[in-house]
There are 2 protein chains.
Amino acid sequence: MSARRTELTRAAARLFAEKGYHGTSIGDLAEAMGVQKGSLYAHIASKADLLWEVAREGAAAFHAGLDSVPEEGPLVERIRAALRAHLRVVAEQLDVATVFVREWRYLEGERREEFVAERRRYEERFRALFRESRELGELRTDLDDASAALLALSAANWAYTWLRPGSDTDGLADRFTALLLDGMRGYASR
Amino acid sequence: MSARRTELTRAAARLFAEKGYHGTSIGDLAEAMGVQKGSLYAHIASKADLLWEVAREGAAAFHAGLDSVPEEGPLVERIRAALRAHLRVVAEQLDVATVFVREWRYLEGERREEFVAERRRYEERFRALFRESRELGELRTDLDDASAALLALSAANWAYTWLRPGSDTDGLADRFTALLLDGMRGYASR
DNA sequence: CCGCCTTCCGAACGATCGTTAGGTTGTGCA
DNA sequence: TGCACAACCTAACGATCGTTCGGAAGGCGG
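Everything numeric in this text was worked out from a predicted model, so none of it was measured.

### Points about the overall build of chain A
Part 1 of the argument: Looking only at helices and strands, chain A features eight helices and zero strands.
Part 2 of the argument: Counted from the first residue to the last, chain A has its helices and strands arranged as α-α-α-α-α-α-α-α.
Part 3 of the argument: Taken along the three principal axes of its C-alpha coordinates, chain A extends 60 × 35 × 25 Å.
Part 4 of the argument: A buried classification covers 42% of the 190 residues belonging to chain A.
Part 5 of the argument: Counting contacts in chain A only where the partners sit at least 6 residues apart, residues at least 24 apart contribute 68% of the total.

The structure is reproduced here in structure tokens:
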């Protein structure tokens, strides 16, 4: 992919995150590239292609984050690593993460289904860590690992609205992990 | 406000939540009302008015939810009540809640600023419960009531994506509260 | 029965949308 | 030096957008 084409994808991620997919026109993208709008079609076949590309980039980034989580070791550490990885992606690729979390639903047809499956797979990998925690008896969420996973995933998925690039995402992830494990009552004392 | 006008607001909330504000045309709204698109302007002055109205309705619903939280009593109970109230609004007015959480950003000018202030005020009321928890010493989140509040607010704000009408929102809120208080380690044993 | 008021129709408006096409430029490689 | 090709321009396409307008139907109170 040419350098110019990559620039266009970056501009698309930024504008889709800022103004929404339907709120961003081809003219807006052309202006961001310093070019007439017709000229963009030397690089793409349609506007929808750009959304698809950014959404896939997001999926790849988040999955790559989970890939870095160790397959062995205490589940507590693996949960902490997963949260760290997720928040790091959000902070370092905020535009892409925003499209991954919020704008993907404007995908159409087969692409949409493919994305939904990929997104579900990501959340399932996340949830699995909590389920294993219970099954292996490392944590005592006897009835409710699902709620704990939902709480963690909510914080992860909502992060794009408040996380700013340059934040201490590892510290943030660790505080969330501590809260999830020991709660407000026990948090300060451990 | 006439009955027909109320119907239009309901249709707008539903379509804005389903397809997004910019993804919903006046033609779509007219079709949902079984009417020619020009006819809608007997009821509204502009499409933006509908977004404004639904967004305000959402703000009113969520604030009313918090108003029902007791001003006295253990903060743990007040936090539980706040979570219950929020999830109840999401489940019972899913479309309106979706616009309140996701579509508000397409508001423009003065209205947008007014909404942002109202939204900030809501989250601040929510956060205050956690801050007071620490200040009054009822909970030992010495360093980090802010993270606990963020975790709770994330779950609340993300709920519109997975909560379905008819869910046991009180039970859900109670499980979240238990987790926030005692964490996964302590959850099952108390 | 009259007149008002709400509601809707049908047609049109200018603007903007995403996209196409033919022609021009500049750069790098054979 | 000549040629290929990526990049861009200019102009226009048909479609759809939000909105306007004059008129007509219908119900309801006076």
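### Thoughts on the protein's contact with DNA strand D
Part 1 of the argument: What surrounds DNA strand D is a group of 17 residues, the closest being Gln36 and Gly38 of chain A together with Ser25, Gly38 and Ser46 of chain B.
Part 2 of the argument: Going through the elements one at a time, α2 (26-33) and α3 (47-67) of chain B are the ones with two or more residues in the surface near DNA strand D.
Part 3 of the argument: A breakdown of the residues in the surface near DNA strand D according to their chemical character gives five nonpolar, nine polar and three charged.

### What about the packing of helix α1 (residues 3-19) of chain B against helix α5 (residues 94-103) of chain B?
Residue and element names in this part refer to chain B.
Part 1 of the argument: Running from N to C, α1 and α5 cross one another at 55°; their axes reach a closest spacing of 8 Å. Viewed along their axes, α1 and α5 adopt a mutual orientation that is oblique. The chirality of how α1 crosses α5 is left-handed. Here α1 contributes Ala13, Arg14, Phe16 and Ala17 to the contact with α5, which in turn contributes Leu94, Asp95, Val96, Thr98, Val99 and Glu103.

### Description of the nonpolar core
Part 1 of the argument: Ranked by size, the top nonpolar core spans 112 residues in total, and within it Leu151 of chain A together with Leu151 of chain B carry the most contacts.
Part 2 of the argument: In this view, Leu151 of chain A contacts Leu180 of chain A together with Leu151, Ala155, Phe176 and Leu179 of chain B; residues no more than four positions away in its chain are not counted.

### Topic: the protein's contact with DNA strand C
Part 1 of the argument: Around DNA strand C, 18 residues are found, and the nearest of them are Ser25, Gly38 and Ser46 of chain A together with Gln36 and Gly38 of chain B.
Part 2 of the argument: Sorting the residues of the surface near DNA strand C by element identifies α2 (26-33) and α3 (47-67) of chain A together with α1 of chain B as the ones contributing at least two each.
Part 3 of the argument: Looking at the surface near DNA strand C residue by residue, the class counts come to five nonpolar, nine polar and four charged.

### Some thoughts on the packing of α3 of chain A against helix α5 (residues 94-103) of chain A
All names here are of chain A.
Part 1 of the argument: One can describe the packing of α3 onto α5 by two numbers: an axis separation of 8 Å at closest approach and a directional angle of 105°. The angle between α3 and α5 falls in the class roughly perpendicular. Between α3 and α5, the contacting residues are Leu51, Val54, Ala55, Glu57, Gly58, Ala59, Ala61 and Phe62 on the first element and Val96, Ala97, Val99, Phe100 and Glu103 on the second.
Part 2 of the argument: Broken down by class, the residue content of the contact of α3 with α5 amounts to ten nonpolar, one polar and two charged.

### Description of α3 of chain A
Residues and elements named next belong to chain A.
Part 1 of the argument: Over its 21 residues, α3 extends 31 Å from the first C-alpha to the last, a length consistent with the 30 Å expected when each residue adds 1.5 Å.
Part 2 of the argument: For α3, every residue scored as buried is listed here: Leu50, Leu51, Val54, Ala55, Gly58, Ala59, Phe62 and Gly65.
Part 3 of the argument: Buried residues belonging to α3 abut α1 (3-19), α4 (75-92), α5 and α6 (109-135).

### Examining the environment of Gly20 of chain A
Part 1 of the argument: Tracing the chain through its elements places Gly20 of chain A in the loop between α1 and α2.
Part 2 of the argument: Leave out the neighbours within four places in its chain, and Gly20 of chain A touches Glu103 of chain A together with His22 of chain B.

### Focus on the environment of Phe126 of chain A
Residues and elements named next belong to chain A.
Part 1 of the argument: Secondary-structure assignment places Phe126 in helix α6.
Part 2 of the argument: Separated by 85 residues in the primary sequence, Phe126 and Tyr41 have C-alpha atoms spaced 39 Å apart.
Part 3 of the argument: Each residue touching Phe126, except ones within four places of it in the same chain, is listed here: Ala82, Ala149 and Leu153.

### Digging into the environment of Arg111 of chain A
Part 1 of the argument: Mapped onto the elements, Arg111 of chain A comes out in helix α6.
Part 2 of the argument: Residues Arg111 of chain A and Ala48 of chain A lie 63 residues apart in sequence; the distance between their C-alpha atoms is 9.9 Å.

Definitions and cut-offs
- Residues numbered from 1 in each chain as written.
- Chains lettered and ligands numbered in written order.
- Predicted model: local features only at pLDDT ≥ 70, side-chain atom pairs only at ≥ 80, totals over all residues.
- Helix = DSSP H or I, 4+ residues; strand = E, 2+ residues; numbered from the N terminus.
- Buried ≥ 20, exposed ≤ 12 C-beta atoms within 10 Å, placed from the backbone.
- Contact = placed C-beta atoms within 7 Å.
- Near = placed C-beta within 6 Å.
- Nonpolar A, V, L, I, M, F, W, Y, C, P; charged D, E, K, R; others polar.
- Axes fitted to C-alpha atoms, helices over the stretch in contact; angles between N-to-C directions.
- Parallel < 35°, antiparallel > 145°, perpendicular 65-115°, else oblique.
- Left-handed = near helix turned anticlockwise from the far one by under 90°.
- Core = buried A, V, L, I, M, F, W, Y, C linked by C-beta atoms within 7 Å.
- Expected span 1.5 Å × (residues − 1).

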